Amino acid sequence: MGRGRAKAKQTKVARQLKYTNHNIDYDRLREELGADTGRDEMHPTTGSDQESERAQ
(Lines give C-alpha, C1' and ligand atoms only; values in the text may rest on other atoms or scores of the structure.)
Protein backbone atom coordinates (compact mmCIF):
# COMPACT_ATOMS: atom_id res chain seq x y z
CA MET A 1 0.00 0.00 0.00
CA GLY A 2 1.10 3.55 -0.61
CA ARG A 3 3.00 2.72 -3.77
CA GLY A 4 0.56 4.46 -6.12
CA ARG A 5 2.28 7.85 -6.23
CA ALA A 6 5.75 6.37 -6.59
CA LYS A 7 4.62 4.11 -9.43
CA ALA A 8 2.86 6.99 -11.17
CA LYS A 9 5.99 9.12 -10.96
CA GLN A 10 8.14 6.30 -12.33
CA THR A 11 5.68 5.82 -15.18
CA LYS A 12 5.75 9.54 -15.95
CA VAL A 13 9.55 9.65 -16.00
CA ALA A 14 9.71 6.52 -18.16
CA ARG A 15 7.32 8.05 -20.70
CA GLN A 16 9.34 11.27 -20.81
CA LEU A 17 12.54 9.33 -21.45
CA LYS A 18 10.89 7.20 -24.11
CA TYR A 19 9.13 9.89 -26.10
CA THR A 20 11.34 12.97 -25.82
CA ASN A 21 13.85 13.65 -28.56
CA HIS A 22 17.36 13.22 -27.23
CA ASN A 23 20.02 14.85 -29.36
CA ILE A 24 22.94 12.70 -28.32
CA ASP A 25 26.40 13.33 -29.69
CA TYR A 26 27.63 9.74 -29.80
CA ASP A 27 31.15 10.67 -30.88
CA ARG A 28 31.56 12.97 -27.87
CA LEU A 29 30.09 10.33 -25.56
CA ARG A 30 32.50 7.73 -26.95
CA GLU A 31 35.42 10.08 -26.25
CA GLU A 32 34.27 10.79 -22.70
CA LEU A 33 33.88 7.10 -21.95
CA GLY A 34 37.29 6.32 -23.40
CA ALA A 35 35.96 3.91 -26.00
CA ASP A 36 38.52 5.12 -28.54
CA THR A 37 41.34 3.27 -26.75
CA GLY A 38 40.50 0.10 -28.66
CA ARG A 39 39.12 -3.29 -27.70
CA ASP A 40 42.46 -5.12 -27.66
CA GLU A 41 43.94 -2.88 -24.96
CA MET A 42 41.03 -3.38 -22.58
CA HIS A 43 40.19 -7.02 -23.29
CA PRO A 44 42.98 -9.19 -24.65
CA THR A 45 41.80 -11.84 -27.06
CA THR A 46 41.64 -15.33 -25.62
CA GLY A 47 41.65 -18.64 -27.48
CA SER A 48 37.87 -19.02 -27.24
CA ASP A 49 37.36 -15.49 -28.61
CA GLN A 50 39.57 -16.28 -31.59
CA GLU A 51 37.62 -19.45 -32.34
CA SER A 52 34.29 -17.62 -32.20
CA GLU A 53 35.61 -14.92 -34.55
CA ARG A 54 36.74 -17.57 -37.05
CA ALA A 55 33.32 -19.24 -36.93
CA GLN A 56 31.65 -16.03 -38.07
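Owing to the predicted nature of the structure, the values given are computational and were not obtained by experimental measurement.

### Things to note about the overall build of the protein chain
Piece 1. Helix and strand counts for the protein chain come out as four helices and zero strands.
Piece 2. Going from N to C terminus, the protein chain has its helices and strands arranged as α-α-α-α.
Piece 3. The 56 residues of the protein chain split such that 0% are buried.
Piece 4. For the protein chain, the computed accessible surface area is about 5,800 Å², with 50% contributed by carbon and sulfur atoms.

### Focus on a nonpolar patch on the surface
Piece 1. A cluster of nonpolar side chains, I24, Y26, L29 and L33, forms an exposed patch at the surface whose accessible area comes to about 430 Å².
Piece 2. Looking at where L33 falls in the secondary structure, it is placed in helix α2 (residues 26–33).
Piece 3. Its relative accessible area of 67% is what places L33 among the exposed residues.

### Some points on the pattern of salt bridges
Piece 1. Scanning all chains against the criterion turns up two salt bridges.
Piece 2. A salt bridge links R30 to D27; the shortest N-O distance between them is 2.9 Å. Pair noted here: R30 and D27 are both in helix α2, with a separation of three residues, about one helical turn.
Piece 3. The partner of E32 in a salt bridge is R28, with the nearest N and O atoms 3.2 Å apart. Placement of the pair is E32 and R28 together in helix α2, with a separation of four residues, close to one helical turn. The pair formed by E32 and R28 is uniform in burial state, with each residue classed as exposed.

### Quick word on α2
Piece 1. With respect to burial, α2 is a largely exposed element, only zero of its eight residues being buried.
Piece 2. Of the residues one or two after α2, G34 is the one with positive phi, at around 75°.

Cut-offs applied
- Per chain, residues are indexed from 1 in the order of the written sequence.
- Under the rules for a predicted model, residues below a pLDDT of 70 receive no local features and side-chain atom pairs below 80 are neither given nor counted, while totals for whole chains, interfaces and linings still include all residues.
- Values reported for side chains reflect all heavy atoms of the structure, with hydrogen atoms and water molecules removed beforehand.
- Counting from the N terminus, the helices are DSSP H or I runs at least four residues long and the strands are E runs at least two residues long.
- Remark: exposure states derive from per-residue accessible area (1.4 Å probe, protein chains only) relative to the maximum for the residue type, with buried under 20%, exposed over 50%, and partly exposed in between.
- Here, Shrake-Rupley sampling with a 1.4 Å probe gives the accessible areas, and only protein chains in the shown set may cover a residue.
- In this analysis, a patch consists of residues with relative accessible area above 30% that form no salt bridge, clustered at 9 Å for like charges and at 5 Å for the nonpolar side chains Val, Leu, Ile, Met, Phe, Trp and Tyr.
- Here, a salt bridge means any side-chain nitrogen of Lys or Arg that lies within 4 Å of a carboxyl oxygen of Asp or Glu.

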